[in-house]
Amino acid sequence: MLLSAPLLGNEYNEDYFFGVKSDYERLLRNESTQFRSAWLKVIEGFELFYLNRPDSPLAPEAMYNAGDAYFRLYRLSSKDYDLEQSLSTFRTLPRRYADSEKAPDAAFQAGRLYEEEKNDILLAARLYEQLIERYPRSQAAVDALQRLDAMGDIVRSPANVSTRRPSATRSTVPTLEDPAVVKPTQVAATNPVPSPAASEEVELIKVDTFSNAEYTRAVLRFNGFDGDISLKKHWLREDRNLGMPPRLFVDLFNVRKSEKLENLELDNTQLQGIRMAQYDRETVRVVFDINSVSDFKVFVLQNPVRVVVDLISEPEPDPMAVTRNLLVAAKTPPPVAQSIQAPAAPPAAGSRGGEVLLAERSKLPASDEPEPLQLASLEPRAISLAKQLGLGVNTVVIDAGHGGRDPGAVGFNGLLEKDVVLDIALKTAAYLRRNSDLTVHLTRETDKFLPLEARTAIANTKRADLFVSIHTNAFRDPNVHGLETYYLNITSDPRAMEVAARENAISQKSVSDLQNILNDLMLNTKINESAILAQVVHNDMFHGIRRHHPQARNAGIKKAPFYVLIGAQMPSILIETGFITNPREGTLLAQESYRQALAENIAKGIIRYAENH
Ligand SMILES: [Zn+2]
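About the cut-offs
- Residues numbered from 1 in each chain as written.
- Predicted model: local features only at pLDDT ≥ 70, side-chain atom pairs only at ≥ 80, totals over all residues.
- Heavy atoms only, no water.
- Salt bridge = Lys/Arg side-chain N within 4 Å of Asp/Glu carboxyl O.
- Helix = DSSP H or I, 4+ residues; strand = E, 2+ residues; numbered from the N terminus.
- Phe/Tyr/Trp six-rings, centres within 6.5 Å; stacked < 30°, edge-to-face > 60°.
- Buried < 20%, exposed > 50% of the residue type's maximum accessible area, 1.4 Å probe, protein only.
- Lys NZ or Arg CZ within 6 Å of the ring centre and 35° of its normal.
- Donors = N, O, S within 2.8 Å, 3.2 Å for Na, K, Ca; no water.

Colleague: Honestly, the pattern of salt bridges in this entry has me stumped. Any pointers?
Modeller: Side chains that carry opposite charge are capable of pairing whenever their charged atoms lie near each other. Under the criterion given, the structure shown has 31 salt bridges. Note that Lys-427 and Glu-592 form a salt bridge whose closest N and O atoms lie 2.7 Å from each other. Here Lys-427 is found in helix α11 (residues 417–435), whereas its partner Glu-592 is found in helix α17 (residues 592–612), with 165 residues between them in sequence. Each of Lys-206, Asp-208, Arg-221, Arg-306 and Glu-453 takes part in one network of salt bridges that share partners.

Structure representation (structure tokens):
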């Protein structure tokens, strides 16, 4: 009956942990000869253990080992992504398991990584000081003190802290976009790009934008073309002589511009506007005239093909934020500052001539590099203060999957996923509104079609603090059932990849292609926070629903590359509330009372997360 299903949630037991640990020890005996996939497998094993068994006494050790393995992998791979994952894991451990003996060790590792790998000695010093204060009797505190002494006095001067600029290493900017190398990036490069047949004209027909003060997402849409698209992106710095602002431009090959498509005047925080022109017979150039952008990402989604451009700028330094930060700084010694986004300076690039789209428009002055918004780190003692000051979780976006012409999975007795999940989403939102102070938005409240990239954009433009996408699962074998919750990451689990393929409405091969570029897209995203949100909500949902569904199977917390989660700026998860193709679960999902129970337990998990973060 259980077929070749992956591990059940309740099989992440001690034996599982020690199995992963012995794999890890074997790997460490021969560190440099191991493939990346071997490292990722061990890391995934530790992650799945601590996510699915958060209360196990072994969970902190699993988390520590995951951070350690990511660091060792980083030394071999030099991928920023691996370093960021290691850092994020080491910084999360003392927050989750403050009383664990691994907590001071993890805090020390975080400081060391900032000091040695990111050259951010000021932040490193704050972390060391905090560690010494919190765990004065640990060996890690002794080590931290030695490090501090070696750094000298400069790092302890308060003046340095209050005026520090974001990390000089700029390591939060994806290397792919590193403007120092105006390197053409072939998206889907692993996949030789078939030129569309001459008869198959690919036409750029529409550009949609979503924006708020900190964020713009532009989506380039084509005439229903559904294959690979080849593009190059370039960054040009401001040219004062020509009166040109900084520009990002994207060349689309084997594409024609629709004659009806007109340039867009936007004049929002990030962009003056977007211009499109036929650069040569086969190339359309799309130019983004920049007002102020600190980070950007360009990626391709498929079926139908669309190119998504995310542009992020530093938040406005609003007076309230300054007051809040002063308050936090005054009350939270020492003020560990965490810049929440990439440095303000827009990437500068070697200039390239030959840009065809010159426009006589007055450029706006270059941004004055606003001070980055400093958030008090969410260390335990800061939580209640952060909460009081409105820095915690205030706004939640609930996303009902599919809708309109996209029915989602078709289940037992013709039940449609889009109807089931809309009702669960509405009930979840209603419960949250009645039982918490959270502001709740829904991506859709009716049976309408909404593209996946629009859903993330809604969450970002609403400045959501959490994003929860609700789905039902499906499988060709009707015996398969269970509840599982996902967060965005690459995966080696074929079943998880299959779920991602179905939810993204793309082939499994396209999922593999997506995994190849996901590392770069995921820098600056809240992966660890998402994993923890998944854990809290999933556990509450699963344990709450057993009263209504005694045979419920806990399929656990998993990770996979979902379109709907890519580019979300807040912790975000995708819940598979059950298999609509299983007769028992499908029958339950068709019952309003069961959907109400699911919604309430999902909402309780969201509230519990919000209260603690
Ligand atoms: Zn779905």
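There is more to say, and it comes next.
Colleague: What exactly am I supposed to notice about the packing of aromatic side chains here?
Modeller: For any two aromatic rings, the description comes down to two numbers: the centre-to-centre distance and the angle of the planes. Applying the stated rule across the entire model yields 10 aromatic pairs. Note on Phe-17 and Phe-46: the rings are 6.1 Å apart at their centroids and 55 degrees apart in plane angle, and the pair reads as tilted. Placement of the pair is Phe-17 in helix α1 (residues 14–28) and Phe-46 in helix α2 (residues 36–52), with a sequence separation of 29 residues. Here Trp-235 and Phe-296 contribute two aromatic rings whose centre-to-centre distance is 5.3 Å and whose plane-to-plane angle is 10 degrees, an arrangement assigned as stacked. Placement of the pair is Trp-235 in strand β3 (residues 231–236) and Phe-296 in strand β9 (residues 295–301), with a sequence separation of 61 residues. Accessibility assignment for this pair places Trp-235 and Phe-296 in one class, buried. Feature note: the residues Phe-17, Phe-18, Tyr-24, Phe-46 and Phe-49 constitute an aromatic cluster, connected by ring pairs. Above the ring of Tyr-64, the side-chain terminus of Lys-102 is found at 4.7 Å from the ring centroid.

Colleague: Even after reading the chapter, I still don't get the coordination of the zinc ion, so can you show me in this structure?
Modeller: Between any two of four tetrahedral donors, the ideal angle at the metal is 109.5 degrees; between two of six octahedral donors, it is 90 or 180 degrees. Donor atoms from the polypeptide that bind the zinc ion are His-402 (NE2), Glu-417 (OE), His-471 (ND1), Glu-503 (OE) and Glu-503 (OE), placed at 2.0 to 2.5 Å. Within one chain, the residues serving as donors to the zinc ion are arranged as H-x14-E-x53-H-x31-E. Separated by 69 residues along the polypeptide, His-402 in the loop between β13 (395–400) and α11 and His-471 in strand β15 (residues 466–473) bring together distant segments of the chain. Each of the two residues, His-402 as well as His-471, counts as buried.

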